[in-house]
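Observations on the model geometry
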Amino acid sequence: MTQQSIKRGGFSSSFGVLAATLGSAVGLGNIWKFPYLTGANGGAGFLLVYLLATLVIGLPVMIAEITMGRAAKANPITALQKLAVSKMPWWLIGVAGMAAAFLILSFYSEVVAWVFAYVFKAIGGSILSSDRQVTQAAFTSLIGDPLQSLLWQWSVLVFIGGILLMGVTKGIEGIAKKLMPILFLLLLMLCAVSLSLDKAADGLAFLFRPDFSKITAGVILTAMGLAFFKLSLGMGTMMTYGSYFRDDQNIPQTTLRVMAADLCVSMLAGIAIFPAVFTFGFAPAAGPALVFITIPAVFSQIPGGHLLMVAFFVLAAVAATGAMLSLMEVPVVILHERLGMSRAKATLLTIAGLMLLGSTCALTNNVLADFKLFGMNMFDLFDFVSSNVLLPLGGISLALFVGWTWGADKFTQALSNHGALGNQTTARVVFFLLRYVSPLLILLVMLKGLNLL
Ligand code: TRP
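Reading the values: the criteria
- Every chain's residues receive numbers from 1 upward, in the order its sequence appears when written.
- Given that this is a predicted model, residues contribute local features only at a pLDDT of at least 70 and side-chain atom pairs are listed and counted only at 80 or more, while totals for whole chains, interfaces and linings are drawn from all residues.
- For side-chain calculations, the full set of non-hydrogen atoms in the structure is used, while hydrogens and water are omitted.
- The pLDDT value tells you how sure the predictor is about a given residue, anywhere from 0 up to 100.
- Helix and strand assignments come from DSSP, with helices taken as H or I runs of at least 4 residues and strands as E runs of at least 2, each series counted from the N terminus.
- Pairing of aromatic rings covers Phe, Tyr and Trp, the last through its six-membered ring, and needs centres within 6.5 Å; plane angles under 30 degrees mean stacked, over 60 mean edge-to-face, and all others mean tilted.
- The buried label applies to any residue whose accessible area, calculated with a 1.4 Å probe on protein chains only, is under 20% of its type's maximum; exposed applies above 50%, and partly exposed to all values in between.
- By definition, being over a ring means that NZ of Lys or CZ of Arg is both within 6 Å of the ring centre and within 35 degrees of the ring normal.
- The nearness test applies per residue and asks whether one of its heavy atoms lies within 4 Å of the molecule or strand.
- Definition of a polar contact: a pair of N or O atoms within 3.5 Å, with one able to donate and the other able to accept a hydrogen when the atoms are protein atoms, and with sequence-neighbouring residues admitted only if both atoms are side-chain atoms.
- Methods summary: accessible areas were calculated by the Shrake-Rupley approach with a probe of 1.4 Å, and residue burial reflects only the protein chains presented.
- Only residues above 30% relative accessible area that lack a salt bridge enter a patch, with like-charged residues linked at up to 9 Å and the nonpolar side chains Val, Leu, Ile, Met, Phe, Trp and Tyr linked at up to 5 Å.
- Salt bridge criterion: a side-chain nitrogen from Lys or Arg within 4 Å of a carboxyl oxygen from Asp or Glu.
- Directions drawn from the helix axis to the C-beta atoms are what define this arc.
- Throughout, a residue-residue contact means that at least one pair of heavy atoms, one from each residue, lies within 4.5 Å.

Observations regarding the confidence of the model for the protein chain
Predicted coordinates in areas of low pLDDT are best not read in detail. For the protein chain, per-residue confidence averages 92 on the pLDDT scale, and 99% of positions sit at 70 or higher. Between the elements of the protein chain, mean pLDDT differs from a low of 85, seen in helix α13 (residues 290-299), to a high of 98, seen in helix α11 (residues 237-242).

What to know about the packing of aromatic side chains
Going through the model one piece at a time under the given rule, you end up with 28 aromatic pairs. Here Y241 and Y244 contribute two aromatic rings whose centre-to-centre distance is 6.4 Å and whose plane-to-plane angle is 50°, an arrangement assigned as tilted. When its relative accessible area of 1% is taken as the criterion, Y241 is described as buried. The ring centre of F229 lies 4.6 Å from the NZ or CZ of K33, which sits over that ring. One Lys or Arg, R435, reaches over the ring of W404 and ends 3.7 Å from the middle of that ring.

Structural notes on the site of the ligand
For the ligand, the set of nearby residues contains 17 residues, the closest of which are A25, G29, Y108, F229 and K230. A distance of 3.0 Å separates a nitrogen atom of the ligand from a polar backbone atom of A25. In the environment of the ligand, an oxygen atom lies 2.8 Å from a nitrogen or oxygen atom belonging to the backbone of G29. When the ligand sits alone it has 360 Å² of accessible area, and the protein chains cover 100% of it.

Focus: the side chain of E329
Along the chain, the position of E329 falls in helix α14 (residues 305-339). Here E329 falls in the buried class, since its relative accessible area comes to 0%.

Thoughts on a nonpolar patch on the surface
On the surface, a cluster of nonpolar side chains totalling about 320 Å² of accessible area is made up of L52, L55, V56 and L441. Here the nonpolar patch gets three residues from one element, more than from any other, and that element is helix α3 (residues 44-72). Secondary-structure assignment places L55 in helix α3.

Focus: helix α17 (residues 408-415)
Among the residues of α17, F411, T412, A414 and L415 are the ones counted as buried. Relative to the axis of α17, the buried residues are bounded by an arc of 165° and lie together on one face. Taken together, the buried residues of α17 touch α3, α12 (251-279), α16 (378-406) and α18 (424-449). Once α17 ends, the next one or two residues include N417, with phi positive near 50°.

Here's what the structure looks like:
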């Protein structure tokens with residue numbers, strides 16, 4: 001089978017495009033990472049830096065990725081080859097993206113594993129206790145057990161792989177269209193409950209009243225890393241989804257909507273979590289374990305808490321599913337289109353690879369607890385290197401590619417649907433940002449945050 005002869009799937013409707021793209025952006029980034037990073041980095045000040053990074057860096061890079069993907073209608077490696085005019089090996093960005101996908105999936109699938117395990121534990125009710133010691137012990141016993149950690153992770157990989165086997169239109173788009181509305185409904189319900197609690201105002205103040213004394217170069221890098229991670233940027237996910245976009249889709253408008261809705265989900269998750277955390281006297285800076293230890297303890301003190309806790313973890317599982325699909329689709333489509341494997345074979349190979357590499361993260365809190373590189377365990381290392389180094393580097397390379405190689409004319413043509421949209425000014429502004437502002441800004445934040453400047 002030649003590369004050209006492979007029939008490509010695609011998103012079938014405008015709502016499908018929006019649901020799938022938002023499904024990729026919304027994930028554990030909103031419900032797990034955003035709350036704990038905001039909690040650990042001082043609240044509203046961090047939120048403000050994150051907002052700025054999303055607008056100034058995230059938005060143009062996201063538009064760039066989607067536009068490139070749609071113009072090339074191919075996986076990231078082939079897309080870069082097709083669009084590049086020079087002989088420079090720009091396609092290496094696609095290869096780096098695939099490597100980043102494996103690193104991210106390795107730790108991400110483990111957190112998804114905890115979430116899925118918690119859905120069942122929540123239903124059973126065993127983790128519901130007002131005693132922090134008990135909820136802490138429940139979490140520690142899950143992540144401390146190598147067999148449970150591995151089995152849950154591998155089940156998640158098989159589950160997501162199963163959806164991918166249904167294809168782009170039926171699998172990814174079909175599931176996203178069903179899950180996104182459920183997600184918003186659950187989230188709004190949880191916010192309503194949280195806002196009715198005694199100390200809701202303290203939680204909201206923490207989330208919305210900035211204290212700039214906590215902002216350091218490291219915190220700014222973390223915020224930028226979160227912006228990349230949140231919008232699924234810098235490793236080819238959005239390029240891949242862009243390749244499934246319809247030709248008449250308005251890219252800047254879709255991007256803005258996804259960004260706004262994604263921010264909305266993060267804010268709502270913050271509103272659902274922090275008032276509850278403050279009302280029951282928990283520390284907002286509890287770190288990655290925040291939702292797993294705090295949420296059960298909080299809900300045990302609210303009437304109807306058992307059901308609400310189930311709702312919370314189902315919400316997290318729903319969010320995680322769309323994001324996992326988009327992460328895994330990148331290696332799957334690369335293997336499928338580059339090596340001529342069937343989608344089924346490509347999916348199985350991806351799952352197998354992730355079972356191997358991912359197991360280092362599943363075993364981080366037990367068998368491999370003392371194994372450290374650069375002072376970090378595998379889980380933290382994969383997380384740190386992908387968000388704070390690989391994704392920003394990917395973002396810089398893609399911005400430079402559009403700004404200096406692909407060029408203003410082709411970019412504008414592609415972004416305006418060949419003139420049909422008449423959004424020349426938008427295209428010019430985004431192009432200017434990609435050519436001059438984004439690469440420099442990302443580099444600066446990265447070097448400063450890594451203490452290299
Ligand atoms: N954006 C998702 C989240 O917030 C995670 C994700 C999906 C992602 N695809 C990605 C992160 C690509 C980085 C790159 O949970």
